[in-house]
Amino acid sequence: MILSLTAEKLACTRGDRRLFADLDFQVGAGEALVIEGANGVGKTSLLRLIAGFLPPAAGRVVIVMSETAISEGEERGRHVGWLGHQDGIKPQLSVGEQLEFFANLYGVRSALNGALERMGLSRQRLLPCRYLSAGQKKRLGLARLMVSKRPLWLLDEPFAALDSAGRFLAAELMQAHCASGGIVVAASHDPFGFKARSLRLGAS
Amino acid sequence: MSGPFASLLMRDLRLAARSGGSAALALAFFALMATLVPLGVGADLRLLARVAAGVLWVGAVLAALLSLDRLFQGDFDDGSLDLIALSPLSLEQVALAKFLAHWLSTGLPLTLLSPVLALLFGLPGNGAVMLVISLLLGTPAVSAIGAIGAGLTLSLKRGGLILPLLILPLLAPVVIFGAGAVSAALNGLANGALGLLGALSLAAGLLSPFVTAACVRLNLAG
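Report follows, based on the coordinates. (Residues numbered from 1 in each chain as written. Chains lettered and ligands numbered in written order. Predicted model: local features only at pLDDT ≥ 70, side-chain atom pairs only at ≥ 80, totals over all residues.)

This brings us to the packing of helix α5 (residues 134-148) of chain A against helix α6 (residues 164-179) of chain A. Residues and elements named next belong to chain A. At a minimum axis separation of 11 Å, α5 and α6 run at an interaxial angle of 15 degrees. Considering their axes alone, α5 and α6 lie roughly parallel with respect to each other. For the pair α5 and α6, the sense of crossing is left-handed. In contact with G135, K138, R139, L142 and M146 of α5, α6 contributes G166, A170 and L173. Among the residues making up the contact of α5 with α6, the classes are represented as 4 nonpolar, 2 polar and 2 charged. (Axes fitted to C-alpha atoms, helices over the stretch in contact; angles between N-to-C directions. Helix = DSSP H or I, 4+ residues; strand = E, 2+ residues; numbered from the N terminus. Parallel < 35°, antiparallel > 145°, perpendicular 65-115°, else oblique. Left-handed = near helix turned anticlockwise from the far one by under 90°. Contact = placed C-beta atoms within 7 Å. Nonpolar A, V, L, I, M, F, W, Y, C, P; charged D, E, K, R; others polar.)

Right, here's the structure in full:
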């Protein structure tokens, strides 16, 4: 169980450019946070920082689980469900193989067919991923997220490339994740369709 | 075979075996190179037998290098590496799985093909046997040292061009001892090269995951 995600005096530097500094926020279990801001303001960098890929230039990120508090980056990553703007999909593998690999890699036993069905991909299960459209790849990414069983979801533009039914599904998925006590942090330019707090970067 | 480590290893082997994969490419390159050399050198079988070990060893190393730049770069470019980094595996384990997958999909098949190519060079039986043994002992070092280079250059667009320049000098001892073991067997000399070759592979295999993981970590943060 995750209890909260906290950023304290967080700063991020890319090259010699300071993207943001003194960033404080806290997200509790069951809450969603939307990161907003113009292009290049550091939304993706903030997500990568929370995931533990980037070390912060200053400050720290802490997630509090029911037993422990974790501030070390790679340790934190073990609780992160990731949907980046790159799809992470191999064209040579079939949709089913791709999802099965991911479930085994994360050591989770999940109903893979259920996730594919929910995302409307059950007919494509045997199809090599090179034939998927951008929207279908995004749906596969969302199915992967469902399967991961991670409490902290970090999503980079979750609605991009999706059709209106897909957007609805994605919002529904995020809402269900929050309802089950998870946390969603998403960088997005699109309206969420459900209650979420927002964090505007680059306002100051 | 469904634990995290095994699943990553199996996926990489599967990708190497699929169309456009690295395994067939390495074998084809190795075979073509070994066919071209006798055409260039001429049909003097005594001369060919003398150069066989060196030529085949260099060929095997170059063939193994062909697919090395994609070891991490493919996963880095399409975002898979992010997902893999967040898995329960440490980056050291990831690096070990990748190095093993590379050896199983290139080093091992190249070793198995080598006796056939040794025939083209008229390498005597004991020399061919020693060639196989030396490749079996030495190619893990090629994959292990190569993995470090692949980790270092994974975010470079033309990393494949820089990689051989970084790695080939480090592979000189492997080629020297590998080809040396075959020459020693042909001349009926006592043979210490095999032991050194095995030691090189062992040391490289043990150290490589740690160095490679450090390089990958740096690139993920970049």
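Bringing the interface of chain A and chain B into the picture now. How big an interface is tends to be stated in terms of accessible area lost as the parts join. The partner chain B presents 19 residues to the 20 residues of chain A that form the contact. Secondary-structure elements contributing two or more residues to the side of chain A that touches chain B are β6 (80-83) and α3 (95-105) of chain A. For the side of chain A that touches chain B, the element with the most residues is α3(A), which contributes 3 residues. Looking at the side of chain A that touches chain B residue by residue, the class counts come to 10 nonpolar, 7 polar and 3 charged.

Let us now look at the sheet that holds strand β4 (residues 58-65) of chain A. Residues and elements named next belong to chain A. Strand order in the open sheet made by the 4 strands is β2-β1-β4-β5, with antiparallel pairing throughout. The open sheet has two free edges, formed respectively by β2 (17-28) and β5 (69-70), since each of these has just one partner strand. Inspection of the sheet shows strand β1 (residues 2-14) paired to β2 by 8 bridges, in the antiparallel sense. Within β2, the position partnered with C12 by the bridge is F20. Helix-sheet contacts for helix α1 (residues 43-51) involve β1, β2 and β4, and the interaxial angle to β1 is about 125 degrees. (Pairing = 2+ DSSP bridges.)

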